[in-house]
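# Structural description and commentary
The residues making up each chain are set out below.
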Amino acid sequence: MTTTDTSSVITVSGVQRRYGTGSSAFTAVRGVDLTVRRGELFALLGTNGAGKTSLLEVVEGIAPASAGTVRVLGEDPYRDRHLVRPRTGIMLQEAGFPADLTTEETARMWHGTLGSPMPVAAALDLVDLGHRAGVQVKSLSGGERRRLDLALAVMGRPEILFLDEPTTGLDPQSRRAAWELVRNLLEAGTTVVLTTHYLEEAEELADRLAIMHRGEIVRTGTVAEIVADEPARIRYRTTAGDLADPRTLHGLPALLTAGRSRTGLVEIESLDLQVTLAALLERANTAGEALTNLEASHASLERAFLAVANEGEAAAAEALAPANA
Ligand SMILES: Nc1ncnc2c1ncn2[C@@H]1O[C@H](COP(=O)(O)OP(=O)(O)OP(=O)(O)O)[C@@H](O)[C@H]1O
């Protein structure tokens, strides 16, 4: 072990990943720093093409970094793959099993490559595939194949488990069963690194997370920390009176923005939901105005995520503006 911080099992510093060379070169990961602590679930979120898989492959030791350093359990996961790989479990987006083998044969073949694996039947039972043991992999449904991937990733009792979009294609019940399995692994001390497009999944499971956009990490922290930077929202309709006109709302305390859609839905962004909502309701009561379809919500991870994507679009539009002018 070369690491001095025993609570960190993964450290990533200044990592870049470039594809191609010369004029066709493309930098998919642009100087990422992150730390994953022992026993936590760290989720990596991001827009399509943000660079999550490109970064994860470097951390998993499947590909070298073009620049920067990665340490997993104190070792370089690419150069010292033989040391790191037996201590990790990896569930890729595409596993690529031999299609003619049965579920059990596939699991047995994988079992033979591992140091101290759990029994094959136990691994298949963990993902509720015991009853599909004799079925050829090519006959499994997409969701069943994902579950087989998961069984193989956990079979070696890894210290660190990498899950790249593990629940894509799973029905809601299987997704919840996969979450339960992940929670049990966390309780047993496993560290988990997860990429997902399901924000609910990250909200359910993640101790900390990072949001990537165009090769960079643009937000990082707990769900509460990331969401704290986003405003709360109040929406309502009203037929008459000054509360239908956003210009009259600007005196409300902690108000950030107010607007009205074409269909008459008034939307307010607030820095303090309780304070703004109390003042709004007081004004409505005093004026005898009814607010219908009233909705008030704190910021969600989804809104923080969309804000990241929108910031990216705004920056891209700005970059294009002089050329279009
Ligand atoms: N082998 C490759 N050669 C060239 N470009 C690549 C290669 N693999 C990925 N890319 C590009 O790198 C960028 C990041 O891709 P990556 O698959 O890491 O993103 P992602 O965040 O995992 O995306 P998604 O959420 O859509 O799975 C994309 O623009 C992609 O087109």
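Residues numbered from 1 in each chain as written. Predicted model: local features only at pLDDT ≥ 70, side-chain atom pairs only at ≥ 80, totals over all residues. Heavy atoms only, no water.

This part takes up the confidence of the model for the chain. Averaged over every residue, the pLDDT of the chain is 90; residues scoring 70 or more account for 94%. What the predictor reports for the complex is a pTM of 0.83 with an ipTM of 0.97. (pLDDT = per-residue confidence, 0-100.)

Here 3 strands make up an open sheet; going across it, the order is β2-β1-β4 and the pairing antiparallel. Among the strands making up the open sheet, the edge pair consists of β2 (26–37) and β4 (67–72). If you compare each strand with its neighbour and ignore which way they point, the axes differ by 15 degrees on average. Pairing of strand β1 (residues 8–19) with β2, which is carried by 9 bridges, proceeds in the antiparallel orientation. Paired with Arg18 across the bridge in β2 is Thr27. Together, β1, β2 and β4 form the strand contacts of helix α1 (residues 52–60), whose direction differs from that of β1 by roughly 125 degrees. (Pairing = 2+ DSSP bridges. Helix = DSSP H or I, 4+ residues; strand = E, 2+ residues; numbered from the N terminus. Axes fitted to C-alpha atoms, helices over the stretch in contact; angles between N-to-C directions. Contact = heavy atoms within 4.5 Å.)

What the rule picks out here adds up to 17 salt bridges. A salt bridge links Asp80 to Arg79, with the shortest nitrogen-to-oxygen separation between them at 3.3 Å. A residue is classified by how much of its surface remains accessible, and Arg79, at 58% relative accessible area, is exposed. A salt bridge links Glu267 to Arg235; its shortest N-O distance comes to 3.0 Å. Of the two residues, Glu267 sits in strand β12 (residues 266–270) while Arg235 sits in strand β10 (residues 232–237), which places them 32 residues apart along the sequence. By relative accessible area, which is 24% here, Arg235 ends up partly exposed. Through salt bridges with shared partners, a single network forms among Glu180, Arg183 and Glu204. (Salt bridge = Lys/Arg side-chain N within 4 Å of Asp/Glu carboxyl O. Buried < 20%, exposed > 50% of the residue type's maximum accessible area, 1.4 Å probe, protein only.)

Another point: the UniProt feature "domain: ABC transporter" (unreviewed entry) in the chain. UniProt feature "domain: ABC transporter" (unreviewed entry): in the numbering of this structure it lies at residues 10–239. Helix makes up 31% of residues 10–239 and strand makes up 29%, while its end C-alpha atoms are separated by 56 Å. (UniProt positions renumbered as here; feature names shortened; annotations may be inferred.)

What follows covers the pairing of strand β8 (residues 208–213). Here β8 lies mainly inside the structure; 6 of its 6 residues are buried. Here β8 shows a buried face lined by Arg208, Ala210 and Met212 and a second buried face lined by Leu209, Ile211 and His213. Looking at chain direction, strand β3 (residues 41–46) and β8 are connected through 5 bridges and run parallel. Across the sheet, the residue bridging to Gly46 is Met212, located in β8. Pairing between β8 and strand β9 (residues 216–221): 5 bridges, direction antiparallel. The residue bridging His213 from the neighbouring strand is Glu216, located in β9.

This part covers the packing of helix α3 (residues 103–111) against helix α5 (residues 142–155). Relative to each other, α3 and α5 sit at 25 degrees, their axes nearing to 10 Å. In terms of their interaxial angle, α3 and α5 are classed as roughly parallel. The handedness of the crossing between α3 and α5 is right-handed. In this structure, α3 contributes Thr103, Thr106, Ala107, Trp110 and His111 to the contact, and α5 contributes Leu148, Leu152 and Met155. Within the contact of α3 with α5, the residues separate by chemical class into 5 nonpolar, 3 polar and no charged. (Parallel < 35°, antiparallel > 145°, perpendicular 65-115°, else oblique. Left-handed = near helix turned anticlockwise from the far one by under 90°. Nonpolar A, V, L, I, M, F, W, Y, C, P; charged D, E, K, R; others polar.)

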